[in-house]
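# Structure at a glance
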Amino acid sequence: MAAIELKDITKEYRSDEIITSALRNVNLKIGSGEFAAIMGASGSGKTTLLNIIGCMDIPTSGTYLLDNEDLGGAKEKHLSSIRGKKISFVFQHFALIDDYTVFENVEIPLMKQPLSKAERKKKVLSALKLAGISNLAKKKPSNISGGQKQRAAIARAIVCQAEIILADEPTGALDSKTGNEIMRVFSELNNMGKTIILITHDKNVASYAKRLITIQDGSILSDEAI
Ligand SMILES: Nc1ncnc2c1ncn2[C@@H]1O[C@H](COP(=O)(O)OP(=O)(O)OP(=O)(O)O)[C@@H](O)[C@H]1O
Ligand SMILES: [Mg+2]
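What you see is a predicted model, and the numbers here were worked out from it, not measured in a lab. (Residues numbered from 1 in each chain as written. Chains lettered and ligands numbered in written order. Predicted model: local features only at pLDDT ≥ 70, side-chain atom pairs only at ≥ 80, totals over all residues. Heavy atoms only, no water.)

## What to know about a nonpolar patch on the surface
- On the surface, I97, Y100 and I108 cluster together to form a nonpolar patch covering roughly 230 Å² of accessible area.
- Along the chain, the position of I97 falls in the loop between β6 (87–91) and α3 (102–107). (Patch = residues over 30% accessible without salt bridge, like charges linked within 9 Å, V, L, I, M, F, W, Y side chains within 5 Å. Areas by Shrake-Rupley, 256 points an atom, 1.4 Å probe, with all protein chains shown as cover. Salt bridge = Lys/Arg side-chain N within 4 Å of Asp/Glu carboxyl O. Helix = DSSP H or I, 4+ residues; strand = E, 2+ residues; numbered from the N terminus.)

Printed below as a string of structure tokens:
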């Protein structure tokens, strides 16, 4: 079953007189449990595509089906609940809150749910364990390494048990050794059944995925199993 199905998706950005076509008639199906990498030159539309898949942005035209549900015309409240429950993001620069401990950062997505403090704690500790940073729960982001920050961001992404994890250049701010460690975490999550879609400029990073989608000028140039 295709968890994600884009049909003839276009995205135009308009400012004053200028119209930028960021996506042009994109057709794409990504099934549950897939691990896909998206590559392409800067400005080719990768982030725009990921943001539409992640319900952070809406297309100008076309149809987006998520688990067979047509999200055309969906209200922001509904899209926001999808972002919490079905889809989570991991960003290049981690997007952690500096004043919070690692534990508190990972706990944030759970605050929307009707859970007791003890239930939240159990979920946070389990996410930290999966991300390999159980020992860092009490530390603040400023006192841990880049790779550890990205592990904390991954823990935050998986704490609500979202099925789909989207990552926009998750290793872009890391050295290659640390980037490889982070990619092994994504591989483990994929082995556990998570659907993973990540953007990268690095062929080595993309090689951890099982499918490579290449974008050029807002269109899919190639799409192959790797
Ligand atoms: N909010 C916006 N307003 C206007 N134009 C935008 C906006 N966001 C993106 N664009 C334009 O849309 C096109 C696609 O941008 P996008 O960010 O998706 O590219 P990208 O492939 O992620 O690039 P990079 O590798 O540099 O992150 C670019 O031409 C960009 O300038
Ligand atoms: Mg981008």
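## Things to note about the UniProt feature "domain: ABC transporter" (unreviewed entry) in the protein
- UniProt marks residues 4–226 with the feature "domain: ABC transporter" (unreviewed entry), using the numbering shown here.
- Between the C-alpha atoms that bound residues 4–226 there is a distance of 20 Å. The span itself is 32% helix and 30% strand. (UniProt positions renumbered as here; feature names shortened; annotations may be inferred.)

## Focus on the pattern of salt bridges
- If you walk through the whole model with that rule in mind, you get 10 salt bridges.
- With a closest N to O distance of 3.9 Å, E5 and K29 form a salt bridge. In this pair, E5 is assigned in strand β1 (residues 2–15) and K29 in strand β2 (residues 18–31), connecting sequence segments 24 residues apart.
- Where D67 meets K86, a salt bridge forms, and the shortest distance between an N and an O atom there is 3.0 Å. Linking D67 in the loop between β4 (61–66) and β5 (69–70) with K86 in the loop between α2 (76–85) and β6, this pair joins segments that are 19 residues apart in sequence.
- One connected set of salt bridges, linked through shared partners, spans E34, R211 and D223.

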